[in-house]
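Structural overview
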Amino acid sequence: MWYIADDPTNADAVENAVGKIRVSGNVLLSLINDVLELSRIESGRTQLVPEPTDLDAMAHELETMLTEGMQRSGISFRVTSVLRTPVVLCDKSKMRQILVNLLGNAQKFTQSGGTVSLSFEQTGEDAYRFTVRDTGIGISRSFQEHMFEAFERERTSTESSTVGTGLGLSIVKRLVELMDGRITVDSTPGSGTSIAVTLSLPPADSAPVDAPVPEPPAQEAPASSLSGVHILLVEDNELNREIADTLLGAEGALVTNAVNGAEAVERFRSNPPGTFRLILMDIMMPVMDGLTATKTIRALDRADAKTIPIFAMTANAFREDVTRSLDAGMNEHLNKPLDMEQLLSTIQKYL
């Protein structure tokens, strides 16, 4: 397609088309990731990895991560935690994934001026309830029977304009069941939705002897441990990029962003050697994926190309995925959603 550069109407049309292509590409990548995740769960390849988890800290983390995005959508967001025993034994990554998916869904279907909330409650000695409430469009009673089925989405005017794969709630349901929990829904069209996840979580200090609880790090990363460290953050998903940027910046890091592998290679190549101390590289991206970008950087004719630490960031955690990352020249393979404590601890090994 041709257009004249000084014709603003044509230029705007091209920019609009490019934007639609970018959104479509992101949706396709999300769909692939979600299908793979669902396939792992249903085939029994997803295993729980219990570890001591501070639920109060998780509540604060989720509030920090998601408040800005909610505000941009004009939504009031609140997180409350009322727990007698906040430190429990659970799979922290999957717990966080469940809540982030539920909150993301609530945000999608809540209009500007509405409210989304998350509450952590302890209802018994080992009984916990996590509830996401919103004042959005609500869910019809007939659709509530199918809302956790793969690719199911209620047909509404709001739904037709909302981007998504239709797999998020299906993944949530299966993860809750994997954790021997229960999920319930209370919703009326036009009056919002409340989704509650109930789990039995033992206190961390009563963990079974054979529970796969990881050893704590030798020492915690000190506050502002990344002060002055220049990081190249490569992530195509805008929300993920903003969250990582904010959290890294809070630790004192200087962050330069790239939205795909090709842009990351150019950022690295065009800056003097030693500019970046670390690269955080997403794997699945348009234009150039993270594995190809890493190989390209490692092949550049400059000393720091061979030595700069490159960490993979991905939801793909199979052994073969880790092997591919290491074979491409990456130093570490970190699972999404990122655990900041783990990330800081890992970074410290290379600084």
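The structure presented is a predicted model; accordingly, all values stated were derived computationally and were not measured.

With respect to the pairing of strand β8 (residues 230-234)
Burial runs high along β8: 5 of the 5 residues are buried. Alternating residues of β8 divide into H230, L232 and V234 and I231 and L233, and every residue in both groups is buried. Bridge count for β8 against strand β10 (residues 278-282) is 4 bridges, and the pairing is parallel. Across the sheet, V234 pairs through a bridge with M281, a residue of β10.

Quick notes on the pattern of salt bridges
Evaluation of the coordinates by the stated rule reveals 10 salt bridges. We note a salt bridge from R267 to E263, for which the minimum N-O separation is 3.0 Å. Of the two residues, R267 and E263 are both situated in helix α8 (residues 261-270); the distance of 4 residues between them amounts to about one turn of the helix. Residue classification places E263 among the partly exposed positions, given a relative accessible area of 23%. We note a salt bridge from D304 to R302, for which the minimum N-O separation is 2.8 Å. Each member of the salt-bridge network shares a partner with another, and the members are E68, R72 and E242.

Brief notes about helix α7 (residues 238-250)
Here α7 is 13 residues long and its end C-alpha atoms lie 18 Å apart, about the 18 Å a rise of 1.5 Å per residue gives. All of the buried residues in α7 are R241, I243, A244, L247 and L248. The arc that holds every buried residue of α7, seen down its axis, measures 165°, which confines them to one face. Structurally, α7 contributes buried residues whose contacts are with α2 (55-72), β8, β9 (254-258), β10 and α12 (340-348). For α7, the N-terminal cap is N237; the gap from its side-chain oxygen to the backbone nitrogen of L239 is 3.1 Å. Positive phi shows up at G252, right after α7, with a value of about 95°.

A short note on the packing of aromatic side chains
Two descriptors summarise a pair of aromatic rings, namely the distance from one centre to the other and the angle between the planes of the rings. Per the stated rule, a full pass over the model turns up 2 aromatic pairs. An angle of 85° between the planes, with centres 5.1 Å apart, marks the rings of F120 and F130 as edge-to-face. Taken together, the positions of F120 in strand β4 (residues 115-122) and F130 in strand β5 (residues 127-134) put the pair 10 residues apart, joining distant regions of the chain. Exposure remark for F120: the relative accessible area of 0% places this residue in the buried category. For F130, a relative accessible area of 1% puts it in the buried group.

Considering the sheet that holds strand β6 (residues 182-187)
Taken together, the 5 strands give an open sheet; going across it, the order is β2-β4-β5-β7-β6, and neighbouring strands pair in mixed fashion. Edge strands, defined here as strands with exactly one partner in the open sheet, are β2 (76-82) and β6. If you compare each strand with its neighbour and ignore which way they point, the axes differ by 10° on average. The pairing of β5 with strand β7 (residues 193-200) spans 8 bridges and is classified as antiparallel. Bridge pairing in β7 places T131 opposite A196. With respect to the sheet, α2 is in contact with β2, β4 and β5, its orientation differing from that of β2 by roughly 180°. Contacts from helix α3 (residues 92-108) reach β2, β4, β5 and β7, with the element oriented near 150° to β4.

Remarks on the sheet that holds strand β12 (residues 332-335)
Spatially, the 5 strands line up as an open sheet ordered β9-β8-β10-β11-β12, and their pairing is parallel. Either end of the sheet is taken by a strand with one partner, and the two such strands are β9 and β12. For this sheet the average axis-to-axis angle between neighbouring strands, irrespective of direction, equals 20°. By the bridge criterion, 5 bridges tie β8 to β9 in an arrangement that is parallel. Counterpart to I231 in the pairing with β9 is V255. This element, α7, spans β8, β9 and β10 of the sheet and lies at about 165° to β9. Relative to β12, α12 is tilted by about 170°, and along the sheet it contacts β10, β11 (310-314) and β12.

Rules used in this analysis
Residues numbered from 1 in each chain as written. Predicted model: local features only at pLDDT ≥ 70, side-chain atom pairs only at ≥ 80, totals over all residues. Heavy atoms only, no water. Buried < 20%, exposed > 50% of the residue type's maximum accessible area, 1.4 Å probe, protein only. Helix = DSSP H or I, 4+ residues; strand = E, 2+ residues; numbered from the N terminus. Pairing = 2+ DSSP bridges. Salt bridge = Lys/Arg side-chain N within 4 Å of Asp/Glu carboxyl O. Expected span 1.5 Å × (residues − 1). Arc of directions from axis to C-beta. Contact = heavy atoms within 4.5 Å. Polar contact = N/O pair within 3.5 Å; in protein donor to acceptor, adjacent residues only side chain to side chain. Phe/Tyr/Trp six-rings, centres within 6.5 Å; stacked < 30°, edge-to-face > 60°. Axes fitted to C-alpha atoms, helices over the stretch in contact; angles between N-to-C directions.

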